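Secondary and tertiary structure notes
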Amino acid sequence: MLKGGVEDPNALTQGMAVALITTFYGSLIASLLVGPFCDKLAVRNGEEMAIKTIMLKGVMSIQAGDNPRIVEQKLKIFLPPKERGFGKDVEG
(Lines give C-alpha, C1' and ligand atoms only; values in the text may rest on other atoms or scores of the structure.)
Protein backbone atom coordinates (compact mmCIF):
# COMPACT_ATOMS: atom_id res chain seq x y z
CA MET A 1 0.00 0.00 0.00
CA LEU A 2 2.80 2.40 0.84
CA LYS A 3 4.96 1.41 -2.13
CA GLY A 4 4.35 4.74 -3.93
CA GLY A 5 5.48 6.74 -0.93
CA VAL A 6 4.22 10.08 0.28
CA GLU A 7 4.93 11.86 -3.03
CA ASP A 8 2.13 10.13 -4.97
CA PRO A 9 -1.23 10.20 -3.11
CA ASN A 10 -2.91 8.49 -6.07
CA ALA A 11 -0.84 5.36 -5.53
CA LEU A 12 -1.72 5.45 -1.84
CA THR A 13 -5.47 5.44 -2.58
CA GLN A 14 -5.08 2.61 -5.10
CA GLY A 15 -3.11 0.58 -2.56
CA MET A 16 -5.78 1.26 0.06
CA ALA A 17 -8.49 0.06 -2.33
CA VAL A 18 -6.61 -3.17 -3.03
CA ALA A 19 -6.04 -3.73 0.68
CA LEU A 20 -9.74 -3.24 1.49
CA ILE A 21 -10.89 -5.50 -1.36
CA THR A 22 -8.55 -8.32 -0.33
CA THR A 23 -9.64 -7.98 3.30
CA PHE A 24 -13.28 -8.12 2.22
CA TYR A 25 -12.71 -11.23 0.09
CA GLY A 26 -10.75 -12.88 2.89
CA SER A 27 -13.49 -12.30 5.46
CA LEU A 28 -16.15 -13.42 2.98
CA ILE A 29 -14.34 -16.67 2.20
CA ALA A 30 -13.69 -17.29 5.89
CA SER A 31 -17.30 -16.83 6.92
CA LEU A 32 -18.97 -18.61 4.00
CA LEU A 33 -16.62 -21.48 3.23
CA VAL A 34 -14.04 -22.11 5.91
CA GLY A 35 -16.27 -21.56 8.96
CA PRO A 36 -18.90 -24.21 8.12
CA PHE A 37 -16.17 -26.60 6.96
CA CYS A 38 -14.38 -26.16 10.30
CA ASP A 39 -17.62 -26.75 12.22
CA LYS A 40 -18.30 -29.95 10.26
CA LEU A 41 -14.78 -31.19 10.97
CA ALA A 42 -15.20 -30.44 14.68
CA VAL A 43 -18.43 -32.49 14.80
CA ARG A 44 -16.82 -35.41 12.97
CA ASN A 45 -13.80 -35.24 15.26
CA GLY A 46 -16.06 -35.42 18.32
CA GLU A 47 -17.92 -38.42 16.92
CA GLU A 48 -14.67 -40.20 16.07
CA MET A 49 -13.23 -39.54 19.54
CA ALA A 50 -16.41 -40.93 21.16
CA ILE A 51 -16.23 -44.09 19.05
CA LYS A 52 -12.56 -44.61 19.84
CA THR A 53 -13.19 -44.06 23.55
CA ILE A 54 -15.96 -46.69 23.51
CA MET A 55 -13.71 -49.13 21.67
CA LEU A 56 -10.84 -48.55 24.08
CA LYS A 57 -13.04 -49.04 27.16
CA GLY A 58 -14.50 -52.22 25.64
CA VAL A 59 -11.10 -53.70 24.86
CA MET A 60 -9.82 -52.83 28.33
CA SER A 61 -12.86 -54.47 29.96
CA ILE A 62 -12.45 -57.61 27.85
CA GLN A 63 -8.76 -57.72 28.69
CA ALA A 64 -9.59 -57.37 32.39
CA GLY A 65 -11.79 -60.46 32.09
CA ASP A 66 -15.15 -58.80 32.76
CA ASN A 67 -18.39 -60.66 32.07
CA PRO A 68 -19.80 -59.79 28.61
CA ARG A 69 -23.01 -58.42 30.17
CA ILE A 70 -20.95 -56.15 32.43
CA VAL A 71 -18.95 -54.97 29.39
CA GLU A 72 -22.21 -54.24 27.57
CA GLN A 73 -23.52 -52.19 30.48
CA LYS A 74 -20.24 -50.28 30.76
CA LEU A 75 -20.31 -49.41 27.07
CA LYS A 76 -23.99 -48.42 27.02
CA ILE A 77 -23.17 -45.63 29.46
CA PHE A 78 -21.44 -43.78 26.60
CA LEU A 79 -24.60 -43.78 24.45
CA PRO A 80 -27.39 -41.21 24.77
CA PRO A 81 -30.30 -42.43 26.94
CA LYS A 82 -32.64 -42.91 23.96
CA GLU A 83 -30.14 -45.19 22.21
CA ARG A 84 -29.20 -47.32 25.21
CA GLY A 85 -32.11 -49.73 24.93
CA PHE A 86 -32.14 -50.82 28.58
CA GLY A 87 -35.06 -53.15 29.13
CA LYS A 88 -35.71 -54.02 25.49
CA ASP A 89 -34.46 -57.58 26.01
CA VAL A 90 -36.86 -58.11 28.91
CA GLU A 91 -39.97 -56.61 27.25
CA GLY A 92 -39.64 -58.60 24.10
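Okay, so let's go over this structure. This is a predicted model, so every value here is computed, not measured. (Residues numbered from 1 in each chain as written. Predicted model: local features only at pLDDT ≥ 70, side-chain atom pairs only at ≥ 80, totals over all residues. Heavy atoms only, no water.)

1. Describing the overall build of the protein chain
Counting its secondary structure elements, the protein chain contains four helices and zero strands. Sorting the 92 residues of the protein chain into buried and exposed places 7% on the buried side. Element-wise, carbon and sulfur atoms account for 66% of the exposed surface of the protein chain, whose accessible area totals about 8100 Å². (Helix = DSSP H or I, 4+ residues; strand = E, 2+ residues; numbered from the N terminus. Buried < 20%, exposed > 50% of the residue type's maximum accessible area, 1.4 Å probe, protein only. Areas by Shrake-Rupley, 256 points an atom, 1.4 Å probe, with all protein chains shown as cover.)

2. What to know about the packing of aromatic side chains
A full pass over the atoms with the stated rule returns one aromatic pair. A centroid spacing of 5.8 Å and a plane angle of 45 degrees characterise the contact between Phe 24 and Tyr 25, whose relative ring orientation is tilted. Judged by its relative accessible area of 47%, Phe 24 falls in the partly exposed class. (Phe/Tyr/Trp six-rings, centres within 6.5 Å; stacked < 30°, edge-to-face > 60°.)

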